[in-house]
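Architecture and fold: a report
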Amino acid sequence: MGDATIGANIVQEHVENGEARTRRAFLAAAGAAGVCYAAALAYPVYRYLASPSEMALSAAAVTEVTLKDAQKLPAGSVLMFKFGPSPAMLIHHQDGRWIALTAVCTHLGCTVQYESQADRIHCACHGGVYNAYTGANVSGPPPRPLKLFKVAVNPTGVEVSRA
Ligand code: FES
């Protein structure tokens, strides 16, 4: 083997090493991009699946809500509000009683409505009916009553807390 052949082999080896490094760098970059892409896809799925448990935790963390100026609510009307992440209602009955309940139907979770003419709570999804004073499930598919809150009316607002 002459000097020219050895020199050619050395040059060829350098070229192949350069190509190998370039190929390796490309594969590493592609792998990193793949990991980032998978993480970008997985994070929203994780957030979606984790939401119910996070909502339950944040709901449990709330123990009291102050409804400023709610003491001015006229008799026979309702104020919808959020107790943590869940809808709730404050009813000022015609007889002067104040009642606060969860507004989430115990059947499939629709938001219920207070009907002042009938003095009842109605779920439009499947016709569930609740007692507007006790939250008891009166008719329709709801399996359990609505939960009652404690209510304290004061000159600046109404405080609603877990019973
Ligand atoms: S969700 Fe309310 S009656 Fe079905």
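Preceding this section is the structure that the text describes.
Residues numbered from 1 in each chain as written. Predicted model: local features only at pLDDT ≥ 70, side-chain atom pairs only at ≥ 80, totals over all residues. Heavy atoms only, no water.

On a plain count of helices and strands, the chain comes out with 1 helix and 10 strands. Mapped in sequence order, the helices and strands of the chain form the string α-β-β-β-β-β-β-β-β-β-β. When the 163 residues of the chain are sorted by exposure, 26% land in the buried category. Sequence separation of 24 or more characterises 40% of the internal contacts of the chain that already satisfy a separation of 6 or more. Of the accessible surface of the chain, which amounts to about 10,400 Å², a share of 61% is contributed by carbon and sulfur atoms. (Helix = DSSP H or I, 4+ residues; strand = E, 2+ residues; numbered from the N terminus. Buried < 20%, exposed > 50% of the residue type's maximum accessible area, 1.4 Å probe, protein only. Contact = heavy atoms within 4.5 Å. Areas by Shrake-Rupley, 256 points an atom, 1.4 Å probe, with all protein chains shown as cover.)

Time to look at the pairing of strand β7 (residues 128–131). Where strand β6 (residues 120–123) meets β7, 4 bridges bridge the pair, whose relative direction is antiparallel. Paired with Arg 120 across the two strands is Asn 131, which belongs to β7. Pairing analysis gives 2 bridges linking β7 to strand β8 (residues 137–139), with the strands arranged antiparallel. Across the sheet, residue Val 129 finds its bridge partner in β8, namely Ser 139. The hairpin turn running from β7 into β8, its antiparallel successor, is 5 residues long, and Gly 135 in that turn takes a positive phi close to 80°. (Pairing = 2+ DSSP bridges.)

Okay, the packing of aromatic side chains next. Evaluated as defined, the whole model comprises 1 aromatic pair. When the ring of Phe 83 is compared with that of Phe 149, the centres are 4.4 Å apart and the planes differ by 20°; the resulting orientation is stacked. Remark: Phe 149 occurs in strand β9 (residues 148–154) and Phe 83 occurs in strand β2 (residues 77–83); sequence separation between them is 66 residues. Classification of Phe 83 by relative accessible area gives buried; the value is 4%. (Phe/Tyr/Trp six-rings, centres within 6.5 Å; stacked < 30°, edge-to-face > 60°.)

At Asp 69, a position not held by glycine, the phi torsion is positive, near 65°. Here Asp 69 shows up in the loop between β1 (64–68) and β2. Here Asp 119, not a glycine, exhibits a phi torsion of approximately 50°, which is positive. With respect to the secondary-structure elements, Asp 119 resides in the loop between β5 (113–115) and β6.

Moving on, we get to the sheet that holds β6. What the 4 strands build is an open sheet, ordered β5-β6-β7-β8; its pairing is antiparallel. Strands at the two margins of the open sheet, each flanked by one partner only, are β5 and β8. Averaged over all pairs of adjacent strands, the angle between their axes in this sheet comes to 40°, without regard to strand direction. (Axes fitted to C-alpha atoms, helices over the stretch in contact; angles between N-to-C directions.)

By the element assignment, Pro 145 lies in the loop between β8 and β9. Distance from Pro 145 to Cys 105, taken between C-alpha atoms, is 8.5 Å for residues 40 residues apart in sequence.

The next subject is the pattern of salt bridges. Scanning the entire structure with this criterion turns up 3 salt bridges. Among the salt bridges present, the one from Lys 72 reaches Asp 69, with a minimum N-O distance of 3.8 Å. Given the relative accessible area of 60%, Lys 72 is considered exposed. Between Asp 95 and Arg 97 there is a salt bridge whose closest N-O contact spans 3.0 Å. The partly exposed category is assigned to Asp 95, whose relative accessible area is 45%. (Salt bridge = Lys/Arg side-chain N within 4 Å of Asp/Glu carboxyl O.)

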